[in-house]
Amino acid sequence: MKINIRRSRRAAVAVALGSVLALTATACGDDGSGTGGDKGDEGSGKGKIVFWDNNGGVRTDAWKAIIADFEKANPDIDVEYVGIPSADYQSKVETAIQGGGLPDVGGVGAAMIASFSAQKVLEPVDDRLAKSSLNGKLNEDMVTSLKAAGGVDDTLYSVPTSANNGVLYYRTDLFEKAGLDEPTTWDKFYAAADKLTNAKKNEFGYTIRGGAGSIAQALDAMYGQSGLTSFWNGDKTTVNDPKNVEALEKYAALYKKDTPSADLNNDFTKMVAQWDSGTIGMLNHNLGSYQDHVKSLGADKFRGIPQPTGASGKRVQVSNPVDGIGLFKSSKNKEAAWKFIEFAVSHAENSKFNESAGQVPANNEAAKDAWISKAEPTKLAADALTDGSTTIVQLPYYLPDWGTISKADNEPNFQKVLLGKMSAKDFLDTLADQLNDAQAEWNSQKG
């Protein structure tokens, strides 16, 4: 069944945006406050700037260390840190767009760019980057991903900081005990999930993500198995291709057979905590949880490897959002704000941040630092992204409706698939209808 609320939702956004642009900009000094229609100012290059962290709590210590370094190197600039949990970040920015109070600088990952750039609250940074010390020193694939996420004009609205690649974590101790090969292929993955399961002893081969954030993981498993290498065939999505339907049927069948029943409501925090504390063989997550596993299990009891390869021997995975830092157009001190961005993504600071986060650095010099070789999952992920072994299927982050389609509209339906109340085909056909409508609307507005 087609969802017909898309056009009314976009109309409401357009009305809201019109209201925002009609607001009178407030006089806010150099604190970066303002609405979406505020063009801001270059400022003095000194004084106070406000930085919003889009993963507050998790990355607070890392950012505070970078801020301390920056303030030491730039004693005439004061950075106010505001840590916002990742789940609340986009709504916080949207509220500030309408009511004022945007920061000078903030975390802007690929999944957010379309919404923010459509409301014209982000400053294009192509020219600033070209004239900066970072020119030619950033990972081109990450830069390209952020440009593509904006959806128009090949414009860069966020400077990349890192890539948080998908990883298959597995318990080496359990695999060795069971005499299993490393799950480097999908066939070996399924064989291990089955062999490691003994529900009576509360032992399971895999933990599946059934709650918040489930769609991206399901898409990764689908395209990884089907081997399809593009999200679109012309202007029609490939999500409901028969090969993807077959792949999702097989993947969803793991639920309650080789996974705990509690997985139905798992978001990433519950899933990670369950794997760290129990006797579950495998977990799909990203590099961000590596340090949690080390603390809980010890580095000798697990490995984190790139996603399994398919029947062709090739690895296909969907794009993981590249994270970055954006300069908000309403900033009254853009010169100082840009100095902070340039400093934060410099070799030493970008290396420091990503070593703490366990992610792949955007700064090419940082990606060569010694710690990369010591953090095995990060090294393997970096290699997989650069050695030609992996094909990335780019998700349509540029669609303004992508966030809603991939979360509120379809996470409940995916749970129905796991429970056997909806077929994989019906689920993917519904998802495809929504995506095709959103793509057609985006094309019409772009034209």
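Figured I'd write up the structure that's included with this text. (Residues numbered from 1 in each chain as written. Predicted model: local features only at pLDDT ≥ 70, side-chain atom pairs only at ≥ 80, totals over all residues. Heavy atoms only, no water.)

**Some words on the sheet that holds strand β6 (residues 204-207)**
Next, step 1: Pairing is mixed in the open sheet, where four strands are placed in the order β6-β9-β5-β10. The open sheet terminates on both sides in strands that have one partner only, identified here as β6 and β10 (302-305). Looking at each pair of strands side by side, their axes are set apart by 20° on average, direction ignored.
Next, step 2: Examined bridge by bridge, strand β5 (residues 166-171) and β10 share four bridges and lie antiparallel to one another. Across the sheet, the residue bridging to Y170 is R303, located in β10.
Next, step 3: Docked against the sheet, helix α11 (residues 268-277) engages β5, β6, β9 (280-286) and β10, running at close to 145° with respect to β9. (Pairing = 2+ DSSP bridges. Helix = DSSP H or I, 4+ residues; strand = E, 2+ residues; numbered from the N terminus. Axes fitted to C-alpha atoms, helices over the stretch in contact; angles between N-to-C directions. Contact = heavy atoms within 4.5 Å.)

**Overview of helix α10 (residues 242-252)**
Next, step 1: Here α10 has its buried residues at N244, V245, A247, L248, Y251 and A252. Buried positions in α10, seen along its axis, are confined to an arc of 165° and lie on one side of it. Across from the buried face of α10, at angles greater than 90 degrees, the exposed residues are P242 and E246.
Next, step 2: For α10, the capping residue at the N-terminal end is D241, with a side-chain oxygen 2.8 Å from the backbone nitrogen of K243. (Buried < 20%, exposed > 50% of the residue type's maximum accessible area, 1.4 Å probe, protein only. Arc of directions from axis to C-beta. Polar contact = N/O pair within 3.5 Å; in protein donor to acceptor, adjacent residues only side chain to side chain.)

**Observations concerning the pattern of salt bridges**
Next, step 1: Applying the stated criterion across every chain, the model contains 15 salt bridges.
Next, step 2: One salt bridge connects K257 with D194, and the closest N-O pair in it is separated by 3.5 Å. In this pair, K257 is assigned in the loop between α10 and α11 and D194 in helix α8 (residues 186-195), connecting sequence segments 63 residues apart.
Next, step 3: Residue D194 is classed as partly exposed on the basis of its relative accessible area of 44%.
Next, step 4: Across the pair R303 and E376 runs a salt bridge whose closest N-O atoms are separated by 2.5 Å. A residue pair is termed long-range when its members are at least 10 positions apart, and R303 in strand β10 and E376 in helix α16 (residues 376-386) qualify at 73 residues.
Next, step 5: Classification of R303 as partly exposed rests on a relative accessible area of 24%.
Next, step 6: Linked through salt bridges whose partners overlap, the residues forming this network are E42, E123, R128 and K334. (Salt bridge = Lys/Arg side-chain N within 4 Å of Asp/Glu carboxyl O.)

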